[in-house]
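Chain by chain, the residues run as shown.
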Amino acid sequence: MLQTSSASLPALISLSFGGAIGLMFLMLGCALPVYDKYWPLFLLFFYILSPIPYCISRRVVDDTDSASNACKELAIFLTTGIVISAFGLPIVFARADVIAWGACALVLTGNVVIFGTILGFFLVFGSNDDFSWQQW
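What you see is a predicted model, and the numbers here were worked out from it, not measured in a lab. Along each chain, numbering runs from 1 in the same order as the chain's sequence is written. With pLDDT at 70 or above as the cut-off, local features in this predicted model cover only qualifying residues; side-chain atom pairs require 80 or more to be listed or tallied, and sums for whole chains, interfaces and linings still use all residues. As a rule here, side-chain values come from all non-hydrogen atoms in the structure, and water together with hydrogens is ignored.

Here's the deal with a nonpolar patch on the surface
Put simply, the rule reads: Surface patches are drawn from residues lacking salt bridges whose relative accessible area is over 30%; two like charges belong together within 9 Å, two nonpolar side chains (Val, Leu, Ile, Met, Phe, Trp, Tyr) within 5 Å. Methods summary: accessible areas were calculated by the Shrake-Rupley approach with a probe of 1.4 Å, and residue burial reflects only the protein chains presented. Salt bridges are counted wherever a side-chain nitrogen of Lys or Arg sits within 4 Å of a carboxyl oxygen of Asp or Glu. Counting from the N terminus, the helices are the DSSP runs of H or I reaching at least four residues and the strands are the DSSP runs of E reaching at least two.
Nonpolar side chains collect at one region of the surface, where W39, F42, F45, I48, L49, I52, I56 and V60 lie side by side and expose about 810 Å² of accessible area between them. For the nonpolar patch, the secondary-structure elements that each account for two or more residues are α2 (43-49) and α3 (52-60). Inspection of the secondary structure assignment puts F45 in helix α2.

Right, here's the structure in full:
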């Protein structure tokens, strides 16, 4: 059974609210009748892929070493590449006239909120205390 402390419950609720708001912006950029193009939904792959390199490196690498670790640095590099690609794809779509610039703005706003939520998750639940993402 997963034990939650009373301090982590508001953080979990706010993170889920942030994720819902970010997905709402993404859906608005796709489904509004003015835009009506669903190409930005490919960003869902980036949302799923972005935490994977860092999660794998946290499992593989021992955190007791205070020096920089090549595996962790590679994971941060790959995560940065995924995040930058997620911001670049809607701009490329808008420049190629696949989506409208208003849809691009909504999708980029959703990106900021979603990646902020993912970062907040790792900041709140990333430590090895009584409640951690490693228990999942």
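More follows now that the structure is in view.
Notes on the confidence of the model for the protein
Selection criterion: A residue's pLDDT is the confidence the predictor assigns to it, expressed on a 0 to 100 scale.
For the protein, the average pLDDT comes to 86, and 83% of its residues sit at 70 or higher. In the model of the protein, α3 stands out as the element of lowest mean pLDDT, 87, in contrast to α2, which has the highest, 95.

Digging into the side chain of S57
To keep things clear, this is the line we draw: For the exposure calls, accessible area comes from a 1.4 Å probe over protein chains only, and a residue counts as buried if that area is under 20% of its type's maximum, exposed if over 50%, partly exposed in between. Here, residues are in contact when the closest pair of their heavy atoms is within 4.5 Å.
Of note, S57 is situated in helix α3. Judged by its relative accessible area of 1%, S57 falls in the buried class. In this structure S57 touches C71, K72 and A75, once residues within four positions along its chain are discounted.

Looking at the UniProt feature "transmembrane region" (unreviewed entry) in the protein
Convention followed: UniProt positions are given in the numbering used here, feature names are shortened, and annotations may be inferred rather than shown by experiment.
According to UniProt, the "transmembrane region" (unreviewed entry) feature falls on residues 12-35, 41-61, 73-93 and 99-125. When the span residues 41-61 is considered, its composition is 76% helix and 0% strand, and the gap between its end C-alpha atoms is 33 Å.

Brief notes about the packing of aromatic side chains
The cut-off we apply is this: Centres within 6.5 Å are what make two rings of Phe, Tyr or Trp a pair, Trp counting through its six-membered ring; a difference in plane orientation under 30 degrees is then read as stacked, over 60 as edge-to-face, and the rest as tilted.
Within this structure, the stated rule accounts for 7 aromatic pairs. Judged by centre distance (5.4 Å) and plane angle (75°), the rings of Y47 and F115 are edge-to-face. In this pair, Y47 sits in helix α2 while F115 sits in helix α5 (residues 101-125), placing the two residues 68 residues apart along the sequence. A relative accessible area of 9% places Y47 in the buried class. On the basis of relative accessible area, F115 is assigned to the buried category, the value being 11%. Between F121 and F122 the ring centres are 5.8 Å apart and the planes differ by 80°, which places this aromatic pair in the edge-to-face class. Taking relative accessible area as the criterion, F122 reaches 17% and is therefore assigned buried. Among the aromatic residues, ring-to-ring pairing joins W39, F42, F45 and F93 into one connected group.

Side note on the layout of surface pockets
Where empty space is left becomes clear once a probe the size of a water molecule has been rolled over the atoms. Rules: Cavities and pockets are defined on a 1 Å grid built over the protein atoms alone: a cavity is a set of grid points where a 1.4 Å probe fits but cannot escape, while a pocket is an open set with protein on both sides within 12 Å along at least five of seven lines, and lining residues are those with an atom within 4 Å of any such point. Grid points are joined across faces, edges and corners, and a volume is the space filled by probe spheres set on the points. Gly falls in the polar group here, along with every residue not listed as nonpolar (Ala, Val, Leu, Ile, Met, Phe, Trp, Tyr, Cys, Pro) or charged (Asp, Glu, Lys, Arg).
Roughly 360 Å³ of internal volume is contained in the largest pocket. In terms of lining, the largest pocket is formed by 16 residues, of which the most central are Y54, T79, I118, L119 and F122. Considering only residue class, the lining of the largest pocket consists of 11 nonpolar, 4 polar and 1 charged.

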